[in-house]
Amino acid sequence: MEFDKIIAVRNSKTLYRSGDKVIKLFDESYSKADILNEALNQARVEETGLNIPKLLEVTTIDGKWAIVLQYIEGKTLEQLMKANPEKKDEYLKLFVDLQMEVHSKKAPLLNKLKDKMNRKISAADLDATTRYDLHTRLDGMPKHDKVCHGDFNPSNIIISKDGTPFIIDWAHATQGNASADVARTYLLFWLDGDITTAEKYLDLFCKTSDTAKQYVQKWIPIVAASQMVKGKKNEREFLMHWVDVVDYE
């Protein structure tokens, strides 16, 4: 398989373009189960009818596992926001509308968000009392079965040349409570240092979806704890601030 160019390099994986395909090539250290789960997520979400790149193949290249996807020509919403700051509010509205479209779908065979969150809280570098409080809070949250992206941010949306938006990177997809997905997006803006956009995003999502902001905020400590499992030292102090906030009301 010929590689035309490198599109992106991320932790333990490299994305290449090969004609009308994208090859996501994983390092040997990457879990085979996680790779196959990502491919399965892609296939299951594809069946919902959402605009996402088609899964074409799961294979090995030079002994490394690879997922082959349809290549979408275009720019990410993140690139467009930076290039056209005067249109940022317009792009943010599109961003929220796309996330709500994701949440309108059902994919009954996706992993359950609550199960994933419980595993991550158990694995987080937190004291037993804090973990207990987080598990208790998570257990008390309403059980839903909406498709949740798990890493919904402007870099994971590609606007094609004809203006069609495609949502990429379904590695973290689950089914569960949409407000957990919103809380994660809110934290991702914060982690990127864009606090103004974080607040505008949360206000806009809550207004558009008629969701109480306090309801989303109740998820933030849970989501922050699950994010800590990634072990990024530069994020830990910031995330601990959110984990330690018990109530917002």
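None of these values were measured; they are calculated from a predicted model.

(A) The overall build of the protein chain, seen in detail. Counting its secondary structure elements, the protein chain contains 10 helices and 10 strands. What you see for the protein chain is a C-alpha radius of gyration of 18 Å, in line with the 18 Å of a compact globule of 249 residues. For the protein chain, the proportion of its 249 residues judged to be buried stands at 47%. Counted over contacts in the protein chain with a minimum sequence separation of 6, partners at least 24 positions apart contribute 64%. For the protein chain, the separation between the mean place of its 36 positive charges and that of its 38 negative charges on side chains is 1 Å.

(B) Local environment of the environment of N118. If you trace the backbone, N118 turns up in helix α4 (residues 113–123). Look at N118 and you get partly exposed, because its relative accessible area is 29%. The spacing of N118 and F152 is 34 residues in sequence and 20 Å in space, taken between C-alpha atoms.

(C) Summary view of the layout of surface pockets. The volume enclosed by the largest pocket comes to roughly 1400 Å³. Considering the residues around the largest pocket, the lining is formed by 37 residues, among which D151, D169, H172, K230 and K232 are closest to the centre. Put simply, the parts of the chain that give the lining of the largest pocket at least two residues each are β1 (5–10), α1 (32–46), α2 (77–83), α4 and α6 (178–191). In terms of residue count, the dominant contributor to the lining of the largest pocket is α1 (four residues). Grouping the constituent residues of the lining of the largest pocket by class yields 10 nonpolar, 10 polar and 17 charged. Looking at the second largest pocket, it is lined by 22 residues, and the ones nearest its centre are I7, L15, T76, I158 and I168. Those elements giving two or more residues to the lining of the second largest pocket turn out to be β1, β3 (21–26), β5 (64–70), β6 (74–76) and α2. Of the residues assigned to the lining of the second largest pocket, the class counts are 10 nonpolar, six polar and six charged.

(D) Summary view of empty space enclosed by the protein. Tallying each qualifying case throughout the model produces one cavity of 30 Å³ or more. Estimated volume of the largest cavity: approximately 170 Å³. As for the largest cavity, its lining consists of 15 residues, and the residues nearest its centre are K116, K120, G150, H172 and R184. The element contributing the most residues to the lining of the largest cavity is α4, with four residues. Classifying every residue of the lining of the largest cavity gives four nonpolar, five polar and six charged.

What counts and how
Residues numbered from 1 in each chain as written. Predicted model: local features only at pLDDT ≥ 70, side-chain atom pairs only at ≥ 80, totals over all residues. Heavy atoms only, no water. Helix = DSSP H or I, 4+ residues; strand = E, 2+ residues; numbered from the N terminus. Rg over C-alpha atoms; globule rule 2.2 N^0.38 Å. Buried < 20%, exposed > 50% of the residue type's maximum accessible area, 1.4 Å probe, protein only. Contact = heavy atoms within 4.5 Å. Lys, Arg positive; Asp, Glu negative; His and termini not counted. Charge placed at Lys NZ, Arg CZ, Asp CG, Glu CD. 1 Å grid on protein atoms, 1.4 Å probe; cavity = no way out; pocket = protein on both sides within 12 Å on 5 of 7 lines; lining within 4 Å. Points joined across faces, edges and corners; volume = space filled by probe spheres on them. Nonpolar A, V, L, I, M, F, W, Y, C, P; charged D, E, K, R; others polar.

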